[in-house]
Amino acid sequence: MTLAQIADGQLAPRLGIKLDNISKRYGDHVVLDDVSLHVEPGTVTALIGPSGAGKSTFLRCINLLERPDSGTIQVAQHTIQPGKDVNSRDLAALRRTVGMVFQSFNLFPHMSALKNISFPQQKVLGRSKEEADERSMQLLERVGLKDKAHQHPSRCSGGQQQRIAIARALALNPGIMLFDEPTSALDPEVGLEVLAVMRELAADGMTMIVVTHEMQFARDVSDTLVVMADCRIIEQGDPRAIMSDPQETRTRRFLRAVLER
Amino acid sequence: MTWLAEWAAYLPQMMSGLGVSLLIAGVSIVAGYPLGLLLSLMVSTKNLAIRTLGLAVVEIGRGAPALVILYLFYYGLPKFGIAFESITAACLALIWNAAAYSSEIMRAGIQSVPRGQLEASSALGLAQHHTFFRVVLPQGMRSAIPGLMGVAIQMFQGTSLAYAIAVPELMKSAYNIGSQDFNYLQIFTLAGLCYAVISMPATWITVFFEKRMARHT
């Protein structure tokens, strides 16, 4: 069984997502200026760009961890306008559809790895403990951490914690996975084991949006490369094309800084 | 040697006093801490009326000396037709005291839970009450444990105030014995030892917990 099949349960539909005219400001400070992005089902989108460009904020707007001031989000049959009141049913549907992996893992430190993955399944999907644990064990095995099931996160390395966090998100059958700099807090070597899991997930056809500084991953794995700078998307398209021949000077400057070091 | 012999003779009466002291401390902690949790939630809520009420209860409980509150309960409330037995008044005053102090410790504990925990819970779609009771509260309480144990020791020592309204606790027993033979030095030394025998190991346990928690975070 592949990671995504486990993630799907049986046959969850691949989902795309459409974000239109997303804007966000803190007081006078604009952080997102009319950003639109359409993601096709089963594709991988890599978001790159200098820090402060708004990549993470944009990603966090997708599942409304940040509330945009205006714009629309369309996912599955739901259309959400975050600038207006979002009813709790739409919000719950959005959060159920979209899984998220954080830079700092954010595992629950007082629960074992297994409990971290099973507890949300029980509460959000109403699975029994046995069902949830069975599923958690499948996922732990797939990310290579079956033997860590009963350890607490503090007993696991950063790379292991991040893989547990990925399993925790997958356990809820998301149609889309968001990754917010999943390897930035890790040693380069340890980061590889996390990237390997993500590559496998991508190969299985999971819809993924990844904020990353891993240029090789962005080039090899993503279907669409999106470059953000100054609160906007300045360029998007085929990753190889953009990396070898960027159209914007700002993109060129950024790529030179990250690739030629 | 004579001191030891006399202490042995006093001990039964002292033990019954110590029992009453421990009872009052126990009641004030068992009832005061849940109340403290409630107050910490009231103080953290957005609702202005509830927050103001919570703040008032906490600030009076912390701002006024426990003895003043004790006197108000015992001597003040009968004016409104509410009369308590002395031991009940002592318990109520110390419950208030324990609730007020513990609420601030619990609030700080709950606030110390990293933001990422809330974000992860939201991203997973956990309901607010599950997030609070299963994610935030266990972690917040954990970091509040050493502080709460400190308050528990304070509460035990604070029971000596109940002497002032003639509750037959440890200090009262000591005073009664002392006034028979006028050997106050011996008897109050014994009383001090009785308090220390409970408080000191409790302090050591607190330190042990603090170290253990420092290791795990």
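Structure first, text after, so check above.
Residues numbered from 1 in each chain as written. Chains lettered and ligands numbered in written order. Predicted model: local features only at pLDDT ≥ 70, side-chain atom pairs only at ≥ 80, totals over all residues. Heavy atoms only, no water.

J.: Can you lay out the interface of chain A and chain B for me, pointing to particular residues and giving the numbers?
T.: Each side of the interface is counted separately: chain A has 21 residues, and chain B has 18 residues. Summed over both partners, the interface of chain A with chain B buries about 1,700 Å², with 62% contributed by carbon and sulfur atoms. Ranking the residues of chain A by area buried against chain B places Phe108, His110 and Lys123 of chain A at the top, with a combined share of 29%. In this structure, the connection of chain A to chain B is made through 1 salt bridge. The salt bridge involving Glu119 of chain B is made with Arg60 of chain A; its shortest N-O contact spans 2.7 Å. (Contact = heavy atoms within 4.5 Å. Buried area = accessible area lost by both parts, 1.4 Å probe. Salt bridge = Lys/Arg side-chain N within 4 Å of Asp/Glu carboxyl O.)

J.: I'd like a rundown of the sheet that holds strand E3 (residues 44-48) of chain A, residues and numbers included.
T.: Residues and elements named next belong to chain A. Taking strand neighbours across the sheet as the criterion, the 6 strands line up as E6-E7-E8-E3-E9-E10 in an open arrangement whose pairing is mixed. Looking at strand neighbours, the two that pair on one side only are strand E6 (98-101) and strand E10 (232-237), the edges of this open sheet. With strand direction ignored, the average angle separating the axes of adjacent strands in the sheet is 20°. Across 4 bridges, the pairing between E6 and strand E7 (residues 176-180) is parallel. Bridging across to E7, Gly99 finds its partner in Met177. (Pairing = 2+ DSSP bridges. Helix = DSSP H or I, 4+ residues; strand = E, 2+ residues; numbered from the N terminus. Axes fitted to C-alpha atoms, helices over the stretch in contact; angles between N-to-C directions.)

J.: I'd like a rundown of the pattern of salt bridges, residues and numbers included.
T.: Pairing between side chains of opposite charge can happen when the charged atoms of each approach one another. Considering all chains together, one arrives at 11 salt bridges over all chains under this definition. Across the pair Arg163 of chain A and Glu193 of chain A runs a salt bridge whose closest N-O atoms are separated by 2.8 Å. A residue pair is termed long-range when its members are at least 10 positions apart, and Arg163 of chain A in helix H6 (residues 158-170) and Glu193 of chain A in helix H7 (residues 188-203) qualify at 30 residues. As a salt-bridge pair, Glu104 of chain B and Arg107 of chain B come within 3.0 Å of each other at their nearest N and O atoms. You can see Glu104 of chain B and its partner Arg107 of chain B sitting in helix H4 (residues 86-111), 3 residues apart, about one turn around the helix. Taking the relative accessible area as the measure of exposure, Glu104 of chain B reaches 17% and is therefore buried. Accessibility expressed as a relative area gives 22% for Arg107 of chain B, which makes it partly exposed. Taken together, the shared-partner salt bridges connect Arg60 and Glu66 of chain A together with Arg115 and Glu119 of chain B into one network. (Buried < 20%, exposed > 50% of the residue type's maximum accessible area, 1.4 Å probe, protein only.)

J.: How would you summarise the environment of Asp90 of chain A if you had to cite specific residues and measurements?
T.: Residue and element names in this part refer to chain A. Looking at the element boundaries, Asp90 is found in helix H3 (residues 88-97). By relative accessible area, Asp90 is classed as buried at 18%. Measuring from C-alpha to C-alpha, the distance between Asp90 and Val143 comes to 31 Å, with 53 residues separating the pair along the chain. Residues in contact with Asp90, not counting those within four places in the same chain, are His78, Thr79 and Ile80.

J.: Explain the pairing of strand E8 (residues 207-211) of chain A to me, and be specific about the residues and the numbers.
T.: Residue and element names in this part refer to chain A. With respect to burial, E8 is a largely interior element, 5 of its 5 residues being buried. Burial along E8 is two-sided: Thr207, Ile209 and Val211 and Met208 and Val210, pointing in opposite directions, are all buried. Here E3 runs beside E8; their pairing, made up of 4 bridges, is parallel. If you follow Ala46 over to E8, its bridge partner there is Val210.

J.: Explain the pairing of strand E9 (residues 224-229) of chain A to me, and be specific about the residues and the numbers.
T.: Residue and element names in this part refer to chain A. Counted residue by residue, E9 has 5 buried out of 6 residues, so it is predominantly covered. Across 4 bridges, the pairing between E3 and E9 is parallel. Directly across from Thr45, in E9, lies its bridge partner Thr224. For E9 and E10, the ladder comprises 5 bridges, and the chain directions are antiparallel. Residue pairing in the sheet places Val227 in a bridge with Glu235 of E10.

J.: An account of the packing of aromatic side chains is requested, with residue identities and associated values reported.
T.: To describe a pair of aromatic rings, you give the distance between the ring centres and the angle between the ring planes. Residues and elements named next belong to chain B. Overall, the coordinates contain 13 aromatic pairs over all chains when judged by the stated rule. Ring centres of Tyr184 and Phe188 lie 6.0 Å apart, and the angle between their planes is 10°; on these two criteria the pair is classed as stacked. Residue Tyr184 and its partner Phe188 are located together in helix H8 (residues 184-216), separated by 4 residues, close to a single helical turn. The interplanar angle of 80° and the centroid separation of 6.0 Å between the aromatic rings of Phe208 and Phe209 together place this pair among those described as edge-to-face. (Phe/Tyr/Trp six-rings, centres within 6.5 Å; stacked < 30°, edge-to-face > 60°.)

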